[in-house]
Amino acid sequence: MLLAFLDPTLLLGQFRSGLTTAMFLFLIASGLSLIFGVLKIINFAHGSLYMLGAYIAWHIVHYLVGNSLLGFGAAVIVAASAVGLIGLAIERLLLRHMYKVEELYQLLFTYALVLIFGDVCKFIWGTQPVSVQRPTLLAGYFEVAGVRMPFYDLMIVVIGFGIAYGFWLMLNRTSWGRIIRAAALDREMLGALGTNVSWLYTGMFTLAAFLAGLSGALVTPIKGIVPGMDIEIILDAFIVVVIGGLGSLWGTLLGSLIYGMVVSFGILLFPRFSIFAAFIMMAAVLIVRPWGLLGRPVK
Amino acid sequence: MNQQSWTDRIPWTLVITLAAAMVPFVTSRYYVDLATYIAIFAIFATSLNLLLGTTGLVPFGHAAYFGIGSYVCGLLMGELKVPFLLAFVLGGVGGAIFAALFGFFCVRLTRVYFSMLTLACAQIVWAICFKWNEVTGGEQGYPRVPMPDMAFLDWLPVSGRGLITAKFYLVALVLAAVCIAAMRRITKSPFGRILNTIRDNAERAQFIGIDVRRYQLFAFIIAGGFAGLAGGLFGIYKRGVFPDYAYWTKGAEVLIMSILGGINHFWGPTVGSAVLILLNGVVVSYTEYWPFVLGSILLFLLFAFPGGLLGGIEALYRRLRGQANA
């Protein structure tokens, strides 16, 4: 079994699958991390928004446009925007009233949304798994040293790094970013200085919902869309965000890469117990460095 | 505030137990079934509230200890033929041991980090139950937990197949009453008062010389132990133990029960579990979308009655009395 580690093709193959997993998780977890960093809320419903994105994208592809590259691209954009709008509505109508209450109530609030959205999806789309075929143009692959790299996975990796870079630009090079960073540190002071913090929060939540919807829509050609995918993904996203550091963007990227690689290489070493590795890492990071590898301690 | 109101002098545990013991004789098997769930979840939710309402910690992985209790008790009875009462107690001990192990690390964290670590611990337990096929039966669970025969209750005037349900219900009810009475003693003891102090202001508690972490750890262990006891009963009643007993959403269910009843009252979780389970019985006969109903109730509670049902009743009572005095 250990000999497997001497086979470069196998290693490269595991690296590829780990990288794809990681970038997917980053797409989802970045929104979760953003919400925690700025709004200080742990959003269980982030997985539900992801699921909504997946179902909406499937719906559009299946009933309206078919899986041409253009149709699929349009479906992804529309689904992500629709989920962004749902996020906007949630923030404006409900979440706004939860900022001042205790964490317990905030957690339960987002959990209530999980329950509701889970059933809404079941009601509209049923319980049978559905899936979307890869657009023909993205169905191919190329080979590097005997390892197949599907175009679609490559696209995910590119989008993932693109979003990370976009976030970095936004946070560090724009006035918006400066305000967001300020809001993360001291909401009241920022409000006193004349910024409309309320709309800033709305904007952040909408953006995070958009990202959740985007990742949900992009996952459709890779994974089946089933009820319960919301609960499953939110735990993975929590693991990633906690390892990297709640609220830290680079931390989330690092956490995603660690998670992806550990799961993908862990399967070689301990096929049955790789499911543990992730939770044990999460617990270990929380015990040793609760604010995560790249996060900052908050008071 | 030392003055006791007349309601405090009623031995509530005894009154409720006696009233609940009538259920098999005056209602149908269906309600006995619901009442058994209520008894078990009353222990589970009250144990959670030892952390939530009494100590001010928010665990998101309390299901872990429930699950461990159910596996320990179920496997001991099924595989090693250990007698029921001993297996039941050992289920609680199992829950307490794991709570000590995980709690040692969890109480070092505060607020949302505490919740996250308890969640991670619960998922580790779930993963063990899910993957350790040789012992836990893995994904399929262990479906051979025997029902204790409880021959000493054969005189009950309940006929036919309802008899075994009724017998187990009465046993579960008595055990639940003992557990809840014990937890009530704990919350009203000086130890419980110190937990309240920590909840209200952990920093000041530290200043007056209380070892906050140690007390939180004790509370965590006790809560884990009682959750384990509840889990043992649940496994027997369901005639099997399955990994999803330890899944974190199970812990969220009891969180909702506690909130529904009111976390600031000792009886809140009991009331919450009773209301939620009865409501579930009604709702599922009309629609399969119970989670939707539950989520909506939860939203309504959070916005309208953050103090839960008992909190709401208390506020109403105060208001009426205030008007009467004025």
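Residues numbered from 1 in each chain as written. Chains lettered and ligands numbered in written order. Predicted model: local features only at pLDDT ≥ 70, side-chain atom pairs only at ≥ 80, totals over all residues.

*Asks:* Would you mind going over the overall build of chain B in detail, with residue names and values included?
*Replies:* From N to C terminus, chain B includes 15 helices and zero strands. Expected size for 326 residues packed as a compact globule is a radius of gyration near 20 Å; at 20 Å, chain B falls within 12% of this value. Long-range contacts, defined here as pairs at least 24 residues apart, represent 77% of the contacts in chain B between residues at least 6 apart. (Helix = DSSP H or I, 4+ residues; strand = E, 2+ residues; numbered from the N terminus. Rg over C-alpha atoms; globule rule 2.2 N^0.38 Å. Contact = placed C-beta atoms within 7 Å.)

*Asks:* Give a description of the overall build of chain A that names residues and reports values.
*Replies:* Assigned secondary structure in chain A consists of eleven helices and two strands. Its helices and strands in sequence order give chain A the pattern α-α-α-α-β-β-α-α-α-α-α-α-α, from N to C terminus. Whereas a compact globule of 299 residues would reach a radius of gyration of roughly 19 Å, chain A reaches 19 Å, a difference of no more than 12%. A buried classification covers 48% of the 299 residues belonging to chain A. By sequence separation, contacts in chain A at least 24 residues apart represent 77% of the contacts at least 6 residues apart. (Buried ≥ 20, exposed ≤ 12 C-beta atoms within 10 Å, placed from the backbone.)

*Asks:* Explain the interface of chain B and chain A to me, and be specific about the residues and the numbers.
*Replies:* On the chain A side, the residues contacting the 31 residues of chain B number 31 residues. When residues of the side of chain B that touches chain A are traced back to their parent elements, those giving at least two are α6 (111-131), α12 (248-261) and α14 (290-304) of chain B. Examining the composition of the side of chain B that touches chain A, we find that twelve residues originate from one element, α6(B), more than from any other. In terms of residue class, the side of chain B that touches chain A is made up of 24 nonpolar, five polar and two charged. (Nonpolar A, V, L, I, M, F, W, Y, C, P; charged D, E, K, R; others polar.)

*Asks:* Tell me what's going on with unusual backbone geometry, and back it up with residues and numbers.
*Replies:* Even without being glycine, K40(A) reaches a positive phi, approximately 60°. Counting through the fold element by element, K40(A) comes out in the loop between α1 (8-39) and α2 (46-65). Exposure remark for K40(A): the 16 C-beta atoms within 10 Å place this residue in the partly exposed category. Of note, the phi angle at K81(B) is positive, near 55°, even though the residue is not glycine. Following the sequence through the fold, K81(B) ends up in the loop between α4 (63-79) and α5 (84-106).

*Asks:* How would you explain the nonpolar core if you had to name every residue and give the values?
*Replies:* Within the largest apolar cluster, 207 residues are counted, with the highest numbers of intra-cluster contacts made by A57(A), V83(A), L108(A), M204(A), M282(A), I40(B) and A176(B). Apart from the residues within four sequence positions on either side, A57(A) is in contact with A75(A), V76(A), A79(A), V132(A), G216(A), A217(A) and T220(A). (Core = buried A, V, L, I, M, F, W, Y, C linked by C-beta atoms within 7 Å.)

*Asks:* Provide a residue-level description of the environment of A74(A), including the pertinent values.
*Replies:* Residue and element names in this part refer to chain A. Mapping A74 onto the fold places it in helix α3 (residues 69-93). Note on A74: 16 C-beta atoms within 10 Å, which makes it partly exposed. It is 30 Å that separates the C-alpha atoms of A74 and G255, two residues lying 181 residues apart in sequence.

*Asks:* Which residues make up the pairing of strand β2 (residues 147-150) of chain A, and what values do they have?
*Replies:* Along any regular strand the residues' side chains alternate between the sheet's two faces. All names here are of chain A. Where strand β1 (residues 141-144) meets β2, four bridges bridge the pair, whose relative direction is antiparallel. Pairing of V144 across the sheet is with V147, part of β2. Adjacent in sequence and paired antiparallel, β1 and β2 are bridged by two residues, among which A145 carries a positive phi angle near 50°. (Pairing = 2+ DSSP bridges.)

*Asks:* Before we move on, could you go through the packing of α1(A) against helix α8 (residues 197-219) of chain A and cite the residues and values that matter?
*Replies:* All names here are of chain A. Two numbers describe how α1 lies on α8: the axes approach to 8 Å, and their chain directions differ by 165°. Comparing their axes, α8 and α1 come out roughly antiparallel. As for how α1 packs across α8, the hand of that crossing is left-handed. Residue-level inspection shows F24, L27, I28, S30, G31, L34, I35, V38 and L39 of α1 in contact with α8, the latter providing Y201, M204, F205, L207, A208, L211, A212, L214, S215, L218 and V219. Of the residues assigned to the contact of α1 with α8, the class counts are 17 nonpolar, three polar and no charged. (Axes fitted to C-alpha atoms, helices over the stretch in contact; angles between N-to-C directions. Parallel < 35°, antiparallel > 145°, perpendicular 65-115°, else oblique. Left-handed = near helix turned anticlockwise from the far one by under 90°.)

*Asks:* An account of the packing of α4(B) against α5(B) is requested, with residue identities and associated values reported.
*Replies:* Residue and element names in this part refer to chain B. The N-to-C vectors of α4 and α5 enclose an angle of 145°; their axes lie 8 Å apart at closest approach. The handedness of the crossing between α4 and α5 is right-handed. Contacts between α4 and α5 involve A64, Y65, I68, G69, S70, V72, C73, L76 and M77 on the former and, on the latter, F84, A87, F88, L90, G91, G92, G94, G95, F98 and A99. Here the contact of α4 with α5 is composed, by residue class, of 13 nonpolar, six polar and no charged.

*Asks:* If you had to explain the environment of L52(A) to someone new, which residues and values would you point to?
*Replies:* Residue and element names in this part refer to chain A. As for its placement among the helices and strands, L52 is situated in helix α2. Sequence-wise, L52 and A212 are 160 residues apart; in three dimensions their C-alpha atoms are separated by 8.8 Å. Beyond its immediate chain neighbours, meaning those up to four positions away, L52 contacts V83, I86, F117, C121, G213 and G216.

*Asks:* Summarise α8(A); cite the residues concerned and give the values.
*Replies:* Compared with the 33 Å implied by 1.5 Å per residue over 23 residues, the 33 Å span of α8(A) between its first and last C-alpha is a close match. When you tally the buried positions in α8(A), you get 19 out of 23 residues, the bulk of the element. (Expected span 1.5 Å × (residues − 1).)

*Asks:* So, the confidence of the model for chain B: which residues are in play, and what are the values?
*Replies:* Within chain B, residue pLDDT values average 85, and 95% of them lie at 70 or more. Overall fold confidence (pTM) sits at 0.87, and the ipTM for the predicted complex is 0.84. (pLDDT = per-residue confidence, 0-100.)

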